[in-house]
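A closer look at the structure
The chain contents come next:
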Amino acid sequence: FGKMKPVIVVHGGAGRIFKEREEGSRAGVVRAALQGYGILKQGGSALDAVEEAVRSMEDDPHFNAGCGSVLNEKGEVEMDAIIMDGKNLDSGAVSAVKCIANPIKLARLVMEKTKHVLLTDHGAQLFAQAMGVPETPGEKLITQRSRERWKKNLEPDSNPEEFQKDLGTVGAVAIDSEGNVACATSTGGLSNKLIGRVGDTACIGSGGYADNRSGAASTTGHGESIMKVVLARLILYRMEQGMSPEMAADAALDYMKTRVGGLGGVIVINSSGEWAARFSTKQMSWATVKDDQLHYGIYAEERHTKSVDEALASGSGGL
């Protein structure tokens, strides 16, 4: 029984990426993919790789997750995250959490230290304290850009919907040398959302799903639309019917667009290590590493390729 070749795919959110943020988004997904791949190369698990890749993007203010998350109507950060292990369908998620730097780490603890799948708000906070997760003052997670965006959206003639296009949910999927798959997704949600709003990210089957029998998917885009079609699970279902990752992703995104008018993006991997990064929005930052080759892009037809060694040698996040 031959060892699998490890593969990781990451996304930094689907939507519209403003020109001045393109470089940072590209560098951020590349850095995350290389870090996750480093774990896989050393024989590490898909679970550790996706968690590490997502943590790297949570810490990067270019993305709407962890530091740099968008603000709710009250001007606070409320974050959602999920992680799932394809081996036994174990999953952990948190929703509406405040004042922690890395919601994905808390989601992993929910998976490993409780009998539950999803903890929310105050309960998630109590659990974080019990686990010794350090509190981060809310202000630390708020970037000047998020604050300005929030203020702009409060103006009477503003259209928050217009800005929702710059979403920046982050996610990762991977397969390790044992053939196990995993997914992880993390987000700050929608700008100026109602307090207590939970989107697709924390919901199993919507924000992400992983099953060794078919593969793994992580989604991004309009959360309410994603929930209505249970997008991540829908993609795996299509793959179970025999579609390639790319066909399954396109079919599911197309269904979401025609059925509920929702746009988004997905990264997918199947149980034999084939991958896809597809989106119905204008852009989605993504990166993948397979066979020591790094691929990345933001626009529909864009695909850069470099060897991992070359990327690592060039320093700053691999670009």
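Residues numbered from 1 in each chain as written. Predicted model: local features only at pLDDT ≥ 70, side-chain atom pairs only at ≥ 80, totals over all residues. Heavy atoms only, no water.

**Considering the sheet that holds strand E9 (residues 264-270)**
The pairing of strands in a sheet comes from backbone hydrogen bonds and takes either a parallel or an antiparallel form. Selection rule: When DSSP finds two or more bridges between a pair of strands, those strands are recorded as paired. Each helix is a run of H or I in the DSSP string that is no shorter than four residues. Each strand is a run of E no shorter than two, and both are numbered from the N terminus. Note on method: axes are straight lines fitted to C-alpha atoms, helices fitted across the in-contact stretch only, with angles between N-to-C directions ranging 0 to 180 degrees. By the convention used here, residues are in contact when the closest approach between their heavy atoms is within 4.5 Å.
With respect to topology, 4 strands assemble into an open sheet ordered E7-E8-E9-E10, the strand pairing being antiparallel. Every interior strand has two partners, whereas the edge strands, strand E7 (208-211) and strand E10 (275-279), have only one. Strand-to-strand, the axes of this sheet are offset by a mean angle of 10°, without reference to chain direction. Sheet analysis places E7 next to strand E8 (residues 215-221), joined by 4 bridges and oriented antiparallel. Looking at the pairing, Tyr 209 lines up with Ala 217 of E8. Against the sheet, helix H9 (residues 231-240) makes contact with E7, E8 and E9, and its axis sits at roughly 140° relative to E8, the strand it touches most.

**Re a nonpolar patch on the surface**
Basically, it comes down to this: Exposure above 30% relative accessible area and the lack of any salt bridge qualify a residue for a patch; like charges then connect within 9 Å, and the nonpolar side chains Val, Leu, Ile, Met, Phe, Trp and Tyr within 5 Å. For the accessible areas, the method is Shrake-Rupley and the probe is 1.4 Å, while residue cover comes only from the protein chains on display. One side-chain nitrogen of Lys or Arg within 4 Å of one carboxyl oxygen of Asp or Glu is enough to make a salt bridge.
A contiguous nonpolar surface patch, about 220 Å² in accessible area, is contributed by Val 117, Leu 118 and Ile 204. Following the sequence through the fold, Leu 118 ends up in strand E4 (residues 118-120).

**So, the side chain of Ser 56**
To keep it simple, the criterion reads: Burial classification: accessible surface area is computed with a 1.4 Å probe over protein chains only, and a residue below 20% of its type maximum counts as buried, one above 50% as exposed, and the rest as partly exposed. As used in this structure description, the phrase polar contact means that two N or O atoms lie within 3.5 Å; if the pair is within protein, one of them must be able to donate a hydrogen and the other to accept it, and residues adjacent in sequence are counted only when both atoms belong to side chains.
Here Ser 56 shows up in helix H2 (residues 46-58). Using a relative accessible area of 8% as the deciding quantity, one classes Ser 56 as buried. There is a polar contact of 3.4 Å between the side chain of Ser 56 and the side chain of Gln 35.

**Description of the nonpolar core**
Test applied: The term nonpolar core refers to a set of buried residues drawn from Ala, Val, Leu, Ile, Met, Phe, Trp, Tyr and Cys, joined through side-chain atoms within 4.5 Å.
Formed by 50 residues in total, the largest nonpolar core has its most connected members in Ile 8, Val 10, Ile 83, Leu 106, Ala 287 and Val 289. Setting aside its immediate chain neighbours within four residues, Ile 83 contacts Leu 47, Val 50, Glu 51, Asp 90, Ser 91, Gly 92, Ile 104, Ala 107, Arg 108, Met 111, Cys 183 and Ala 184. Within the second largest apolar cluster, 34 residues are counted, among which are Met 84, Leu 231, Ala 248 and Ala 277.

**Here we look at the pattern of salt bridges**
Inspection of the entire model under this criterion finds 20 salt bridges. Among the ionic pairs, Glu 112 bridges to Arg 108, the shortest N-O distance being 2.9 Å. Taken together, the positions of Glu 112 and Arg 108, both in helix H3 (residues 103-113) and 4 residues apart, correspond to about one turn of that helix. Classification of Glu 112 as partly exposed rests on a relative accessible area of 46%. Each of Lys 19, Glu 22, Glu 23, Arg 26 and Glu 302 takes part in one network of salt bridges that share partners.

**Observations concerning the UniProt feature "active site" (unreviewed entry) in the protein chain**
Put simply, the test is: UniProt positions are given in the numbering used here, feature names are shortened, and annotations may be inferred rather than shown by experiment.
Here the UniProt feature "active site" (unreviewed entry) sits at Thr 169. Within the fold, Thr 169 resides in the loop between helix H7 (160-163) and strand E5 (170-175). Given the relative accessible area of 6%, Thr 169 is considered buried. If we skip the residues at most four places from it in the chain, Thr 169 touches His 11, Gly 12, Gly 13, Asn 64, Thr 185, Ser 186, Thr 187, Thr 201, Thr 219 and Thr 220.

**Observations concerning the environment of Gly 24**
Along the chain, Gly 24 turns up in helix H1 (residues 19-41). Remark: the alpha-carbon pair of Gly 24 and Phe 63, spanning 39 residues in sequence, is separated by 9.2 Å. Setting aside residues up to four positions removed in sequence, Gly 24 forms contacts with Asp 60, His 62 and Phe 63.

**With respect to the pairing of strand E12 (residues 293-299)**
Counting buried positions along E12 gives 5 out of 7 residues, so the element sits mostly inside the fold. For strand E11 (residues 283-290) and E12, the ladder comprises 6 bridges, and the chain directions are antiparallel. For Thr 288, the partnering residue across the bridge sits in E12 and is His 295. As consecutive antiparallel partners, E11 and E12 are separated by 2 residues, and within that stretch Asp 291 has a phi angle of approximately 50°, a positive value. Connecting E12 to the antiparallel partner strand E13 (residues 304-307) that follows it, the hairpin turn spans 4 residues.

**With respect to the UniProt feature "binding site: substrate" (unreviewed entry) in the protein chain**
Per the UniProt record, "binding site: substrate" (unreviewed entry) is annotated on Arg 197, Val 198, Gly 199, Asp 200, Thr 220, Gly 221, His 222 and Gly 223. For Val 198, the position within the fold is in the loop between strand E6 (181-187) and E7. Judged by its relative accessible area of 27%, Val 198 is partly exposed. Those residues in contact with Val 198 that lie beyond four places of it in its chain are Asp 80, Ser 95 and Met 227.

**Structural notes on the packing of H2 against H3**
Convention followed: Roughly parallel means an angle under 35 degrees; roughly antiparallel means over 145; roughly perpendicular covers 65 to 115; every other angle is labelled oblique.
For the pair H2 and H3, the least separation of the axes is 8 Å and the interaxial angle reads 150°. Taken together, the axis directions place H2 and H3 in an arrangement best described as roughly antiparallel. Contact residues: Leu 47, Asp 48, Glu 51, Val 54, Arg 55 and Glu 58 in H2; Pro 103, Ile 104, Lys 105, Arg 108, Met 111 and Glu 112 in H3.

**Section: the sheet that holds E11**
Sheet architecture is open: 9 strands sit in the order E4-E3-E2-E6-E5-E1-E11-E12-E13, paired in mixed fashion. On the outer flanks of this sheet lie E4 and E13, each paired with one strand and no other. Between one strand axis and the next, the sheet turns by 10° as a mean value, whatever way the strands run. Relative to E4, strand E3 (residues 90-97) is paired through 3 bridges, and the arrangement is parallel. Among the inter-strand pairings, Val 94 is bridged to a residue of E4, identified as Leu 119. Sitting on the sheet, H2 touches strand E1 (7-15), strand E2 (79-85), E5 and E6, and the angle it makes with E5 is about 160°.

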